[in-house]
Amino acid sequence: MVYPFVLGVYGFSDSGKTVMVTELVRRLSADGLHVGTIKCSHERFSFDTEGTDTFRHLEAGAYGTIFLSPMNTVLQLSTSIDELKGIVLLSLHSKVDVIVVEGSNHDMIPKVRIGEIQKRNNTVLTVDGPNVEKVYAYIKEHMRDQKTSSTIQLQVNGKQIPLTEFPDEIILKTLLGMLSSLHGVKSIESFQIAYSR
């Protein structure tokens, strides 16, 4: 099974982030890939307004997109907070091959820097402007190296749910943190949790 490849894009306002994302969506979609997008913002937002960045992501052919801000998180799939929550939602609820995060700031997400903005952690590539060719080539090259197995085996209602690298790591760290705080737990080599009602 192929899991989504995740890449963030960041830069100053009007540096070409949205142009980069929409062109990547077009190119990758033309290759037959399902592309999800996440837009990170600190502004209030009306999701379906024509001309907004997320509207442009969907119009370009994104399979799904998520808008994130401190005030709201909105998921929209073309078939009908925190960056990592968005990646988990897109990974679990849609069949995306690539997730592009516009405005990414999370340390765990590999990122492309546009222009001379201060470099963020886990920046893997810097481009002068919306250099789609260079970023597209990077994605295609590194998709082959993505993680294809999970340390967490998750079943929901008897159905196996495949996890990408990011949901796998988030779930594992959350569970390990909670379990290690329990009285009598000294070290954790393995654990099982089951739930039914």
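Before going into details, it helps to say that this report is about the structure given with it. In this numbering scheme, every chain counts its residues from 1 along its sequence in written order. Under the rules for a predicted model, residues below a pLDDT of 70 receive no local features and side-chain atom pairs below 80 are neither given nor counted, while totals for whole chains, interfaces and linings still include all residues. Derived side-chain values reflect all non-hydrogen atoms in the structure, with water molecules and hydrogen atoms excluded from consideration.

**Points about helix α4 (residues 132–143)**
- The end-to-end C-alpha separation of α4 is 16 Å, in line with the 16 Å expected for twelve residues at 1.5 Å each.
- By the burial criterion, the buried members of α4 are Val-132, Val-135, Tyr-136, Tyr-138, Ile-139 and Met-143. Seen from one end, α4 has its buried residues packed into an arc of 160 degrees, which puts them on one side.
- Considering only its buried residues, α4 is in contact with β1 (5–11), α1 (17–30), β5 (98–102), β6 (111–114) and β7 (123–127). Secondary structure counts use DSSP, requiring at least four H or I residues in a row for a helix and at least two E residues in a row for a strand, with both numbered from the N terminus. For a helix, the expected span equals 1.5 Å multiplied by the residue count minus one. Only protein chains enter the calculation, and the probe is 1.4 Å; a residue is then buried if its accessible area is under 20% of its type maximum, exposed if over 50%, and partly exposed in between. Within this analysis, the arc is defined by the directions that extend from the helix axis to the C-beta atoms. Contacts were defined at the residue level, with two residues in contact if any of their heavy atoms lie within 4.5 Å.

**With respect to unusual backbone geometry**
- A positive phi is found at Asp-14, a non-glycine position, where the angle reads about 65 degrees.
- Inspection of the secondary structure puts Asp-14 in the loop between β1 and α1.
- Among the residues examined, Asp-14 registers a relative accessible area of 79% and is labelled exposed.
- Positive phi, normally seen in glycine, also occurs at Asn-157, with a value near 50 degrees.
- Considering the arrangement of structural elements, one finds Asn-157 in the loop between β8 (154–156) and β9 (159–161).

**Thoughts on the environment of Ser-15**
- The topology assignment puts Ser-15 in the loop between β1 and α1.
- Taking relative accessible area as the criterion, Ser-15 reaches 17% and is therefore assigned buried.
- Discounting residues that sit within four places of it in the chain, Ser-15 has contacts with Ile-114 and Pro-130.
- Separated by 2.7 Å, the side chain of Ser-15 and the backbone oxygen of Phe-12 make a polar contact. Under the rule applied, a polar contact is a pair of N or O atoms within 3.5 Å (in protein, one hydrogen donor and one hydrogen acceptor; residues adjacent in sequence only if both atoms are side-chain atoms).

**Considering the packing of aromatic side chains**
- Any two rings among Phe, Tyr and Trp, with Trp reduced to its six-membered ring, count as a pair given centres within 6.5 Å; such a pair is stacked if its planes are under 30 degrees apart, edge-to-face if over 60, and tilted if neither. All chains considered together, the criterion is met by zero aromatic pairs.
- Sitting above the plane of the Tyr-136 ring, Arg-27 keeps its charged end 3.8 Å from the centroid. Both a distance and an angle decide whether a charge sits over a ring: NZ of Lys or CZ of Arg must be within 6 Å of the ring centre and within 35 degrees of the ring normal.

**A word on the nonpolar core**
- Nonpolar cores were defined as sets of buried Ala, Val, Leu, Ile, Met, Phe, Trp, Tyr and Cys residues, with membership established by side-chain atoms within 4.5 Å. Of all hydrophobic cores here, the largest spans 25 residues; its most connected members are Met-20, Leu-24, Leu-28, Val-98, Val-135 and Ile-139.
- Elements with a minimum of two residues in this core: β1, α1, β5, β6, β7 and α4.
- The element that contributes the greatest number of residues to this core is α4, accounting for six residues.
- Apart from the residues lying within four places of it in its own chain, the contact partners of Leu-24 are Ser-29, Val-132, Val-135, Tyr-136 and Ile-139.
- In this structure, Val-6, Cys-40, Val-96 and Val-101 belong to the second largest nonpolar core, which totals twelve residues.

**Remarks on the pattern of salt bridges**
- What counts as a salt bridge is simple: a side-chain nitrogen of Lys or Arg found within 4 Å of a carboxyl oxygen of Asp or Glu. Inspection of every chain in the model, using the stated rule, returns six salt bridges.
- For Asp-31, the salt bridge is made with Lys-140, and the minimal N-O distance between the two is 3.3 Å.
- In this structure Asp-31 comes out as partly exposed when scored by relative accessible area, which is 38%.
- According to the relative accessible area criterion, Lys-140 is partly exposed, its value standing at 31%.
- A salt bridge links Lys-39 to Glu-102, with the nearest nitrogen and oxygen atoms 3.1 Å apart.
- The buried category is assigned to Glu-102, whose relative accessible area is 1%.
- Among the charged side chains, a network of salt bridges with common partners joins Lys-39, Asp-53, Arg-56 and Glu-102.

**With respect to the packing of α1 against α4**
- Closest axis-to-axis distance for the α1/α4 pair is 10 Å, and the angle between their directions is 50 degrees. In terms of orientation, α1 lies oblique with respect to α4. Like other packed secondary-structure pairs, α1 and α4 cross with a definite hand, here right-handed. Packed against α1, whose contacting residues are Met-20, Glu-23, Leu-24, Arg-27 and Leu-28, the element α4 presents Val-132, Glu-133, Val-135, Tyr-136, Ile-139 and Lys-140 at the interface.
- Residue composition of the contact of α1 with α4, by class: seven nonpolar, no polar and four charged. All axes are obtained by fitting lines to C-alpha atoms, using only the stretch in contact for helices, and the reported angles, taken between N-to-C directions, cover 0 to 180 degrees. Roughly parallel means an angle under 35 degrees; roughly antiparallel, over 145; roughly perpendicular, 65 to 115; everything else is oblique. Crossings are classed by handedness, with left-handed meaning an anticlockwise turn of the near helix from the far one by less than a right angle and right-handed meaning a clockwise turn. When residues are grouped by polarity, Ala, Val, Leu, Ile, Met, Phe, Trp, Tyr, Cys and Pro land in nonpolar, Asp, Glu, Lys and Arg in charged, and all others, Gly among them, in polar.

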